[in-house]
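These are the residues of each chain, in order.
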Amino acid sequence: MDGHDKTLKFVQYASKVLLLIGKSYNHVEIPVALIRLNHLYTVLRSARFVYRLGFWINALSRVTTHFRTGAYRSLSPDSYERFFEVLDMAETWIQLFEGLLQDFVILSMFHALDPEINRKWRPLMNILWMICLKLNGLMMARNYLERKRVIERAKSSPDLTETDKQKAQEISFSFQASSADNSMLKLEKKENIIPLSPMSRPVKVITHCSERRSGIFNPDYGTPSDRQSVVSHKETNARRISSHELPEILCGLIKYTGDFAYCYGDTMQVFGRDGTSIQWIKATGALTSAILAIHSRWTKMFP
């Protein structure tokens, strides 16, 4: 469903960009094509508002899971990891309140509730949205810096010689040789292959999942036994980071920049500071975010 929403978002803000371009060249008489583009933009905007109803359920599921499993009392002993776990949990609470406010605001916009709710509470909803984006940006930057450090350490480490590699394997094999289980010995022999290049050596990288996770579909979110959704230690190597993971993170950072521009433009409009420049910022930011989101999903479906 999220991929469907991003496709609608792309069409919506592509229409908005074409509309802004058309208006800049037609100041007196508005062509029929621009009127139709405006209708398309308005309809898609309303459709995507309806789709966003109930997003707070995912955040509520994660919050209740934290309490049920005692995850709040089982944070990582490492202060660095614990800091980002707390940030993740704080973001979940903010998403919950933002999602609840969003439902009231959307229903108010459609006059299912008092229209004054939209006027009074929309600014607070946008502020919470902006805070979530800033926290998300911090965690994305953390992932990027962690991987850059792995690459730098690998580049500064010397390559293993064949002699060093053989000695390391002999130590591992001699330790396992004391075991009576020969199958275990064979298994350890296979696993203890040490690459000569430091770029290919396996390392564990601290990773924070910065996506908005669907907690309702993952009841183990944030539990001490399943920390994958909060802070995990992902096994990889510097070569894979350089060729695959860093480009993905950079695409994510560009998408984040688009989201932030979109949020900034929308917030300025909510606070009454609308104008052509703000509309351009919001439209181009949303369009950038939609293109990168579709690209990310497309590459996962067709690697």
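Residues numbered from 1 in each chain as written. Predicted model: local features only at pLDDT ≥ 70, side-chain atom pairs only at ≥ 80, totals over all residues. Heavy atoms only, no water.

1. Notes on the nonpolar core
Step number 1: The biggest cluster of nonpolar side chains holds 14 residues, and the ones touching the most others in it are Y13, W129, L133, Y262, C263 and A283.
Step number 2: Among the elements that take part in this core, helix α5 (residues 116-156) stands out by supplying four residues, more than any other.
Step number 3: Non-local contacts of Y13, meaning those with residues more than four positions away in its chain, are made with Y41, R48, Y262, K282, A283, A286 and L287.
Step number 4: One finds F84, V105, M125 and M139 within the second-largest nonpolar core, a separate group that totals 10 residues. (Core = buried A, V, L, I, M, F, W, Y, C linked by side-chain atoms within 4.5 Å. Buried < 20%, exposed > 50% of the residue type's maximum accessible area, 1.4 Å probe, protein only. Helix = DSSP H or I, 4+ residues; strand = E, 2+ residues; numbered from the N terminus. Contact = heavy atoms within 4.5 Å.)

2. Considering the side chain of E91
Step number 1: Residue position: E91 is located in helix α4 (residues 79-109).
Step number 2: Take E91: its relative accessible area is 4%, and that puts it in the buried class.
Step number 3: Sequence-distant contacts of E91, that is, excluding residues within four places in its chain, are made with C132, L135, N136 and M139.

3. Overview of the environment of K148
Step number 1: Structurally, K148 can be placed in helix α5.
Step number 2: With a relative accessible area of 32%, K148 lands in the partly exposed category.
Step number 3: When the C-alpha positions of K148 and S242 are compared, they lie 8.5 Å apart, and in sequence the two are 94 residues distant.

4. What to know about unusual backbone geometry
Step number 1: Despite not being glycine, H111 has its phi angle at roughly 65°, a positive value.
Step number 2: Given a relative accessible area of 60%, H111 falls into the exposed group.

5. Some words on the packing of α5 against helix α8 (residues 238-270)
Step number 1: The N-to-C vectors of α5 and α8 enclose an angle of 160°; their axes lie 9 Å apart at closest approach. Between α5 and α8, the angle is such that the two are roughly antiparallel. Helix-helix and strand crossings are classified by hand; for α5 and α8 the assignment is left-handed.
Step number 2: Each residue belonging to the contact of α5 with α8 can be placed in one class, and the counts come to 22 nonpolar, six polar and seven charged. (Axes fitted to C-alpha atoms, helices over the stretch in contact; angles between N-to-C directions. Parallel < 35°, antiparallel > 145°, perpendicular 65-115°, else oblique. Left-handed = near helix turned anticlockwise from the far one by under 90°. Nonpolar A, V, L, I, M, F, W, Y, C, P; charged D, E, K, R; others polar.)

6. Considerations on the state of the cysteines
Step number 1: As enumerated under the stated definition, the model contains zero disulfides in all.
Step number 2: Looking at C132, it has no disulfide partner, and the nearest cysteine sulfur is the one in C263, 9.3 Å off.
Step number 3: By relative accessible area, which is 2% here, C132 ends up buried.
Step number 4: C263 sits in the buried class, given a relative accessible area of 0%. (Disulfide = S-S within 2.5 Å.)

7. Some details on the confidence of the model for the protein
Step number 1: Averaged over all residues, the pLDDT of the protein is 76; the fraction at 70 or higher stands at 73%.
Step number 2: Here helix α7 (residues 182-191) stands out as the element of the protein with the lowest mean pLDDT, 45, in contrast to α4, whose mean of 88 is the highest.
Step number 3: Counting interchain partners and residues more than four positions distant, the pLDDT-below-50 stretch residues 170-192 has nine contacts.
Step number 4: Across residues 212-229 the pLDDT falls below 50, and counting only partners more than four positions away or on other chains, this stretch makes 48 contacts in the model. (pLDDT = per-residue confidence, 0-100.)

8. As for the packing of α4 against α5
Step number 1: Between α4 and α5, whose axes approach to 8 Å, the crossing angle comes to 150°. In terms of orientation, α4 and α5 fall into the roughly antiparallel class. When you trace α4 past α5, the crossing you get is left-handed.

9. Here's the deal with α5
One turn of an α-helix holds 3.6 residues; hence residues three or four places apart share an orientation.
Step number 1: Compared with the 60 Å implied by 1.5 Å per residue over 41 residues, the 61 Å span of α5 between its first and last C-alpha is a close match.
Step number 2: Remark: the principal bend of α5, roughly 40°, maps to R122, with a proline, P123, within the next four residues. (Expected span 1.5 Å × (residues − 1). Bend = angle between axes of the 7 residues up to and from the residue.)

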